[in-house]
Amino acid sequence: MKPPARSSPATAGPTAAIGPRAGPVDALRALLDEPPAEAIAAPLLQRLRDAADTSPNVADEPRDPADVVRGMLRALQRLDADSDSLAAAILHTYPQLLAALGPKFEAEHPSIATLLDGQRASAQVWVLHAEQQGRSGSEGLRRLLLAIVRDMRVVPILLARQLARMQQAASLPEERRLALATLARDIHAPLANRLGIWQLKWELEDLAFRYLHPDTYRQIARLLDEKRGDRERYIEQVQQTLREALDAQGLAADIAGRPKHIYSIWKKMQRKQAPISELYDLRAVRILVDDVAACYAALGVVHATWTPIPSEFDDYIARPKRNDYRSLHTAVIGPEGKTLEVQIRTVEMHRQAELGVAAHWRYKEGSGGDAAFDRKIAWMRKLLEQADEGGADDAALARELDTELVEDRVYVLTPKGEVIDLPAGSTPLDFAYRVHTEVGHRCRGAKVDGRIVPLDHRLHSGDRVEIMTAKTGEPRRDWLIESNGFLASSRSREKVRNWFHRLDRERNETAGRELLDKELRRMGLLGTDLAPARERFSLASDGELYVLVGLGDVGPHQVGRLLQDHQRAQSAPAVTGTAPATQRPRRRSASKARDFTVQGLGNLLVQPARCCQPLPGEPIAGYLTRGRGVTVHRQGCATLQRLADKDPDRVLTVEWGASGGYEVDIEVLAVDRKWLLKEVTNVIAQANVNMGGIRSDSQHNRMRIRMRVKVEDFDQLTQLLGKLGAVPGVEHARRC
């Protein structure tokens, strides 16, 4: 029910304020009184009206004139947009109205805030499209738009706004009109097509075609106009004949002439290289029936009435298109020997096709799509269907968005604005290899949005990435170590491996030995027999293992873990065998209970040994001291072995418990150079590791840096040491 009009003469009716002399505030007030705005929730609509009445500047600097806003709201009304979508569309157009609602408005209406953010973010795509100036890449921009829009309800708002702008574009300067039409052709019309919103798609395509190719548009329009009268009389005759034939068979049906749009006629003329007179579907009718059985019955009536053209029959009900488009298409030799196209479908099929649940965009655009992108399109169609049926509430839709649209691709930009798609979690190094293999090999640094970032920085959709390269260069082997996080794409890693595969065996073996020794030194396993690793990978010699490590086929951390597990299995019987034969249930010690669990004993002081500083994830054992409780050692600790040999009954079984972090001393040895300390501390900060102290000493052009850091577990320490070892000039990074 329409609320009573306010007493102000300027707003006495929905259109009273709209006239050549109406001011922007009057125009806004009138828009809020028109039927499309009445779909906004009553309390929210009243709040908008109150702000418009009490704030004199609410309509200052609108993004679009009132006529465009009116057209946008009417288009959204046709799509059954919800209350928040309509409100967000208005508030984005009138920023001062949003400001008048107060700073807490968006916090009070998070759904509207998300829709506003999406509309603001879309401006980035419009700017990039303008920068391309006709170059290819519109597909990437469409994907980028859907990636940066968190709430897909933004898309119908963008389509409706663009359609309204196109409808008013005739009065714009030519340059702006052409830019608007190009944007609609490249971005909005294909998106409307993919979402199956045919109502907006046809209008966007025809308007863009009219402005971009005015002569061709007028020529086709003139040819259609010349035949319009004959065509309309012919269609009326066909409808009458069909109606009588269907009634005779007891079939209830709705028969209508199917409008053919100028842009689609031109596309078909181009595709078939045929004049307009040879197109079958200029004369076309659509039959709507109640169920599928009636579709086939109506098809039988059509084929019994006129002679069918066998090559022009398609059954998309029995064999729907991959995107679920369903209908019967046939062409017959109709009255007067003229070709006639007939489409037959149920009312439900037609409703879905018109409102976007059936999207046959691949057929129309001739392009494929990936699974993640299809999920996003499918969710959008589902959203439209729920809105049409008055289904789920906003909260349910938001939850569904979180669970169904976990994007597994990111869309980033080159310095020239071209869109590059990468797997989620990709780094600037992945980007470099995606641009060109040689760019990846020579990559030495990167900037994201003008800011220098490390090569393991995680990229997000919309980032503009610039790669800094050396004139000559080669990839680094530590790029292949997965725990270092330099490469997320298997394709990028394969390019690096291929480069190293071309090197001679001796060079790969030497490099692999260096990588493995560095890792084993960090783990305290340097000098350990590599036989378990050779056996695990079916290798005949250590040299073969070094080659695999050098090529990146086997990670040094993988070998270290394997040796560590083997050592743990070997030492377990010796350690646990000394424990009492009958063990009481496990109890946590009174002190440091959150760090360790001691079997068989309780109420004892428990502390990590200073000699080896064990970390979570490492195999450990306890030693019961005289007067200082239980000290916890790494199982390979030389001190523990010496004590166990002397008094084996004091060795206890200990397990890790929960902890808030562990302090450990590490050492970095590197070539002394400018900014070394800054780069080292940056790596520690980016690894989210706290540093408790640092001491450096420089001698003979070498700098030795000792630091005390707090890590969560052994894995975090290993990753940190790997990243420190990758800093240019660092010779080793290890535990003290």
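Basis of the calculations
Residues numbered from 1 in each chain as written. Predicted model: local features only at pLDDT ≥ 70, side-chain atom pairs only at ≥ 80, totals over all residues. Heavy atoms only, no water. Helix = DSSP H or I, 4+ residues; strand = E, 2+ residues; numbered from the N terminus. Expected span 1.5 Å × (residues − 1). Buried < 20%, exposed > 50% of the residue type's maximum accessible area, 1.4 Å probe, protein only. Arc of directions from axis to C-beta. Polar contact = N/O pair within 3.5 Å; in protein donor to acceptor, adjacent residues only side chain to side chain. Axes fitted to C-alpha atoms, helices over the stretch in contact; angles between N-to-C directions. Parallel < 35°, antiparallel > 145°, perpendicular 65-115°, else oblique. Contact = heavy atoms within 4.5 Å. Nonpolar A, V, L, I, M, F, W, Y, C, P; charged D, E, K, R; others polar. Pairing = 2+ DSSP bridges.

## Observations regarding helix H14 (residues 292–305)
Now for step 1: The first and last C-alpha atoms of H14 sit 20 Å apart over 14 residues, in line with the 20 Å expected at 1.5 Å per residue.
Now for step 2: Listing the buried residues of H14 in full gives Ala294, Cys295, Ala298, Leu299, Val301 and Val302. Each buried residue of H14 sits inside an arc of 160 degrees when the element is viewed along its axis, so together they form one side. Of the exposed residues in H14, those oriented more than 90 degrees away from the buried face are Ala293 and Ala304.
Now for step 3: Where H14 begins, the side chain of Asp291 points an oxygen toward the backbone nitrogen of Ala293, at a separation of 3.4 Å.

## A short note on the packing of helix H22 (residues 505–522) against helix H24 (residues 542–551)
Now for step 1: Put simply, H22 and H24 touch, their axes get as near as 7 Å, and they point 85 degrees apart. The orientation of H22 with respect to H24, classified from their angle, is roughly perpendicular. Here H22 contributes Arg505, Asn508, Glu509, Gly512, Arg513, Leu515 and Leu516 to the contact with H24, which in turn contributes Gly543, Glu544, Leu545, Tyr546, Val547, Val549, Gly550 and Leu551.
Now for step 2: For the contact of H22 with H24, the per-class residue count stands at seven nonpolar, four polar and four charged.

## Quick notes on the packing of helix H19 (residues 428–435) against helix H21 (residues 490–501)
Now for step 1: H21 packs onto H19 with a crossing angle of 70 degrees between their chain directions and a minimal axis gap of 9 Å. As far as their axial angle goes, H21 and H19 are roughly perpendicular. Seen from H19, the contacting residues are Asp430, Tyr433 and Arg434; seen from H21, they are Arg491, Ser492, Lys495 and Val496.

## Description of the sheet that holds strand S11 (residues 465–469)
Now for step 1: Strand order across the open sheet formed by three strands is S10-S9-S11, with antiparallel pairing between neighbours. Two strands bound the open sheet, and with one partner strand each, they are strand S10 (451–453) and S11. The mean angle between the axes of side-by-side strands here comes to 35 degrees, regardless of whether they run parallel or antiparallel.

## As for the pairing of strand S7 (residues 409–413)
Now for step 1: Burial analysis of S7 places four of its five residues in the buried class, the great majority of the element.
Now for step 2: Relative to strand S8 (residues 419–423), S7 runs antiparallel, the two being bridged by five bridges. Counterpart to Arg409 in the pairing with S8 is Pro423.
Now for step 3: As consecutive antiparallel partners, S7 and S8 are separated by five residues, and within that stretch Gly417 has a phi angle of approximately 90 degrees, a positive value.

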